[in-house]
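Single-letter residue listing:
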Amino acid sequence: MITRELPQLVTEETCAQSVCERCGEPFGCGAQSSACWCAEVKLTDEAREALREKYKSCLCRACLEQFAIDQL
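The shown structure was predicted, so the numbers you read here are calculated from the model rather than taken from an experiment. (Residues numbered from 1 in each chain as written. Predicted model: local features only at pLDDT ≥ 70, side-chain atom pairs only at ≥ 80, totals over all residues. Heavy atoms only, no water.)

Draft legend 1. A look at the pattern of salt bridges. Counted under the stated rule, the structure contains three salt bridges. Between arginine 61 and glutamate 40 there is a salt bridge whose closest N-O contact spans 2.7 Å. Pair noted here: arginine 61 is in helix α3 (residues 61-70) and glutamate 40 is in the loop between β2 (26-29) and α2 (45-54), with a separation of 21 residues, a long-range link. Residue arginine 61 is joined to glutamate 65 by a salt bridge in which the shortest nitrogen-to-oxygen separation is 2.9 Å. Residue arginine 61 and its partner glutamate 65 are both found in helix α3; the two are separated by four residues, about one turn of the helix. Exposure remark for arginine 61: the relative accessible area of 31% places this residue in the partly exposed category. Taken together, the salt bridges that share partners define one network made up of Glu40, Arg61 and Glu65. (Salt bridge = Lys/Arg side-chain N within 4 Å of Asp/Glu carboxyl O. Helix = DSSP H or I, 4+ residues; strand = E, 2+ residues; numbered from the N terminus. Buried < 20%, exposed > 50% of the residue type's maximum accessible area, 1.4 Å probe, protein only.)

Draft legend 2. Geometry of the nonpolar core. Within the largest apolar cluster, 15 residues are counted, with the highest numbers of intra-cluster contacts made by Cys20, Phe27, Leu43, Leu51, Leu59 and Leu64. Of all the elements in the fold, those that place two or more residues in this core are β2, α2 and α3. Among the elements that take part in this core, α3 stands out by supplying four residues, more than any other. (Core = buried A, V, L, I, M, F, W, Y, C linked by side-chain atoms within 4.5 Å.)

Draft legend 3. Here's a closer look at α3. Of the residues making up α3, those classed as buried are Cys63, Leu64, Phe67 and Ala68. Viewed end-on, α3 has its buried residues packed into an arc of 140 degrees, placing them on one side of the element. Exposed side of α3, more than 90 degrees from the buried face: Ala62 and Ile69 are the residues found there. Close packing links the buried residues of α3 with α2. (Arc of directions from axis to C-beta. Contact = heavy atoms within 4.5 Å.)

As structure tokens, this is what we get:
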């Protein structure tokens, strides 16, 4: 029952606040609460490696999705 309530508990306010390294916009990072869009955005292994080489921290959802499109 608790797991069904988790999506409602994970909000921008409950996520760790971060700044996108690519665009500089602030966003709520859900990595610590298992609600990260990194798991939702489909990336190739090569794209993930390119991200690791280019950036040291998280990207916002919009930038991560754009990066995924650019890698196609």
